[in-house]
Amino acid sequence: MKKFLWGAALSANQAEGAFDVDGRGLSVIDKLPAGKERFQVMSDPKNNLSRTFAHYPSHHGVEFYEHYQSDIKLLAEMGINSLRISISWPRIFPTGTEQSPNEAGLKFYDNLIDELLHYGIEPIVTMSHFDTPFALSERVNGWTHKSCIDAFVRYAQTLLTHFNGRVRYWIPFNEINMILHLPYVGGGIVDCPAEQRAKLTYQAAHNQLVANAKVCQLAHALNPENQMGCMLAAGNYYPQTCRPEDNLLAIQKNRETYWFIDVQARGYYPSYAQPKLRELALDITEEEIELLKNTVDFISFSYYNSKVCSSEQREGAELTAGNIFQSIKNPYLESSEWGWQIDPIGLRISMNDLYDRYQKPLLIAENGLGAKDEVIDGAVEDDYRIEYLKRHLENMQAAMQDGVELLGYMPWSALDVISASTGQISKRYGFIYVDVDDDGNGTYRRIPKKSYYWYQSYLRNQ
Ligand code: BG6
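Since the model is a prediction, treat every value here as computed from it, not as a measurement. Numbers given to residues run from 1 along each chain, matching the order in which its sequence is written. Local features in this predicted model are restricted to residues of pLDDT 70 or higher, and side-chain atom pairs are both shown and tallied only at a pLDDT of 80 or more, whereas totals for entire chains, interfaces and linings draw on every residue. Remark: hydrogens and water are excluded; side-chain values derive from all non-hydrogen atoms of the structure.

Participant: Is there a simple way to think about the pattern of salt bridges in this case?
Facilitator: Any two side chains of opposite charge can pair, so long as their charged atoms come close to each other. By definition, a salt bridge exists where a carboxyl oxygen of Asp or Glu is found within 4 Å of a side-chain nitrogen of Lys or Arg. On inspection of all chains with the given rule, the structure shows 25 salt bridges. A salt bridge links Asp262 to Arg266; the shortest N-O distance between them is 3.5 Å. A residue pair is termed a helical-turn pair when its members lie 3 or 4 positions apart in one helix, as Asp262 and Arg266 do in helix H12 (residues 244-266) at 4 residues. The partner of Arg385 in a salt bridge is Asp373, with the nearest N and O atoms 3.2 Å apart. Placement of Arg385 in helix H16 (residues 383-401) and of Asp373 in the loop between strand E13 (362-366) and H16 is noted, with a sequence separation of 12 residues between them. Sharing partners across several salt bridges, the network here consists of Asp373, Asp382, Arg385, Asp416, Arg428 and Lys449. Secondary structure follows DSSP: runs of H or I at least 4 residues long count as helices, runs of E at least 2 residues long count as strands, and numbering of each begins at the N terminus.

Participant: For this particular structure, what's the right way to read the sheet that holds strand E1 (residues 5-6)?
Facilitator: The strands that make up a sheet pair up through hydrogen bonds in the backbone, lying either parallel or antiparallel. Reading across the sheet, the 8 strands line up as E1-E14-E13-E7-E5-E4-E3-E2 and stay open at both edges, with parallel pairing between neighbours. This sheet does not close on itself; its edge strands, each paired only once, are E1 and strand E2 (82-86). Pairs of strands are assigned from DSSP output, requiring at least two bridges between the strands. When E2 meets strand E3 (residues 122-128), the two strands line up parallel, connected through 5 bridges. Counterpart to Leu83 in the pairing with E3 is Pro123. The contact rule is simple, with two residues in contact once any of their heavy atoms fall within 4.5 Å. Helix axes are fitted only over the stretch in contact, all axes being lines through C-alpha atoms; the angle between N-to-C directions runs from 0 to 180 degrees. Together, E3, strand E4 (169-173) and strand E5 (227-233) form the strand contacts of helix H11 (residues 197-222), whose direction differs from that of E4 by roughly 160°.

Participant: How should helix H6 (residues 103-118) be read in this particular structure?
Facilitator: Between its first and last C-alpha atoms H6 spans 22 Å; for 16 residues at 1.5 Å apiece the expected length is 22 Å, and the two agree. Burial classes follow relative accessibility: with a 1.4 Å probe on protein chains only, a residue under 20% of its type's maximum area counts as buried, one over 50% as exposed, and anything between as partly exposed. Residues of H6 that are buried: Gly105, Leu106, Phe108, Tyr109, Asp110, Leu112, Ile113, Glu115 and Leu116. For H6, the elements touching its buried residues are helix H1 (12-15), helix H4 (64-78), E2, helix H5 (89-92), E3 and helix H8 (147-162). Multiplying 1.5 Å by the helix residue count minus one yields the expected span of that helix.

Participant: Help me understand the side chain of Asp131, please; the structure alone is not making it clear to me.
Facilitator: Along the chain, Asp131 turns up in the loop between E3 and helix H7 (134-140). All tallies of charge rest on Lys and Arg as positive and Asp and Glu as negative; His and the ends of each chain are not included. Although buried, Asp131 forms no salt bridge, and the nearest oppositely charged side chain, Arg24, lies 4.3 Å from it. At a separation of 2.8 Å, a polar atom in the side chain of Asp131 contacts the side chain of Ser27. Polar contact criterion, stated in full: a pair of N or O atoms within 3.5 Å, where within protein one must be able to donate a hydrogen and the other to accept it, and residues adjacent in sequence count only if both atoms are side-chain atoms.

Participant: I'm lost on the site of the ligand in this one. Help?
Facilitator: For this description, a residue counts as near a given molecule or strand if any of its non-hydrogen atoms is within 4 Å of it. The ligand sits among 15 residues. The nearest are Gln14, Glu175, Glu366, Ser421 and Tyr429. Note that an oxygen atom of the ligand is positioned 3.2 Å from one of the side-chain N or O atoms of Ser419. Summarising the interface, the protein chains cover 99% of the accessible area of the ligand, which totals 380 Å² for the free molecule. All amino acids are sorted into three groups, where Ala, Val, Leu, Ile, Met, Phe, Trp, Tyr, Cys and Pro are nonpolar, Asp, Glu, Lys and Arg are charged, and the leftover types, Gly among them, are polar. Along the lines of polarity and charge, the residues of the shell around the ligand split into 6 nonpolar, 6 polar and 3 charged. Per-residue and other accessible areas follow the Shrake-Rupley method at a 1.4 Å probe size, with only the shown protein chains counted as cover for residues.

Participant: Teacher, can you tell me more about the nonpolar core here?
Facilitator: Buried together is how nonpolar side chains tend to be arranged in soluble globular proteins. By nonpolar core is meant a set of buried Ala, Val, Leu, Ile, Met, Phe, Trp, Tyr and Cys residues that side-chain atoms within 4.5 Å join together. Formed by 136 residues in total, the largest nonpolar core has its most connected members in Phe152, Phe301, Met351 and Met396. A total of 11 residues in this core trace back to one element, the largest contributor, which is H11. Leaving out residues up to four positions away in the same chain, Met396 has contacts with Phe4, Trp6, Leu347, Met351, Ile364, Leu406 and Tyr409. Of all hydrophobic cores here, the second largest spans 15 residues; its members include Val28, Ile29, Met42 and Leu182.

So this is what it looks like as structure tokens:
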């Protein structure tokens, strides 16, 4: 029997920093400041990218580039047997269009991956975690242009070949459905006028689906041991009432997410997608349709919250913030300090739903609580995070009892990292505290939190 992957997760753009070191190019995220202005740039890059800001949090991240050895040692002592990391695309191909990779970039990941293997930690590697080279945004409006397919495939092939045998679990794209909600973050799209938004984002999504399929084809041909995963920002829509209209709407809203995974897991666009594909008149070739048959081996997903929809949503209805997806507030749930609603049973629901739909093994690639932590007398007592994780783990176990095949659990995040949506470090998720504030000031010292010791003892009992 395969070992269960007990791990944690982080991403290059939120942890590494060293944004201009060893030949790295700029990533789309490197253009984002923190705070309110971050959302302005993310949602309207065309009119905001020329502005300059005092602080770009990804430039320093939490200095994982510098501290990776001691961080991995700490994580190994916590007892994980796997770690989800990502490779920064512009560290390997600084502008995305070079014909050969940046050797210094590859060297960093050689060291990082060898360090993980040294501790018996299985690397689970995302190839693009919101990390399109900025040069591709400038040159071709990101993933709207088909040249990104070849650029990404060249990058992916470099990784697959270089790390062949050392990395077995690959996830080409993080939260592929994010491209519909934040086209700049998900696909490096800068110019996205409202009247063309649907066409541009669905075309970019299609281009990513083609790239994903091509990479799966290459990976399987190169090494049958390679396990390829899709990755979605999950969390089901609940109908607000038992009105049939609300139930129908929930099905339709959930399909916005499944759209991507249906293609990646089944190898073709589902029938419900056909009217939209025709209406948008996307550029889809016969050859691409054929390529899409190269499917993934497992379904990975992030789970932070569920959502609620109503066919009669009135103006002024109370809305909640949640992983970029706004929803009607669910009165039965509590919320985090950032307004994300906490729904452990929703994890069991998502797992059952995904497994029923695809019958492929799942991987929980992210799950965790963003909260303000305080260091008191040198310690962080994050009981709220422990409680959150416990309740989600109970529901994860229940889903497995329901018959769901699960490869592993990668709570977000291994150590505190910069928040993707707000750019704050004060929205902390980690098992390990990093001493730095929202302006980038601090010692970057690491302090294992109470949740670190709790997870350590939980893992010892598995
Ligand atoms: C997921 C992303 O959307 O949610 C992560 O894959 C992100 O990169 C995580 O950090 C939590 O979101 P946030 O915005 O609170 O950092």
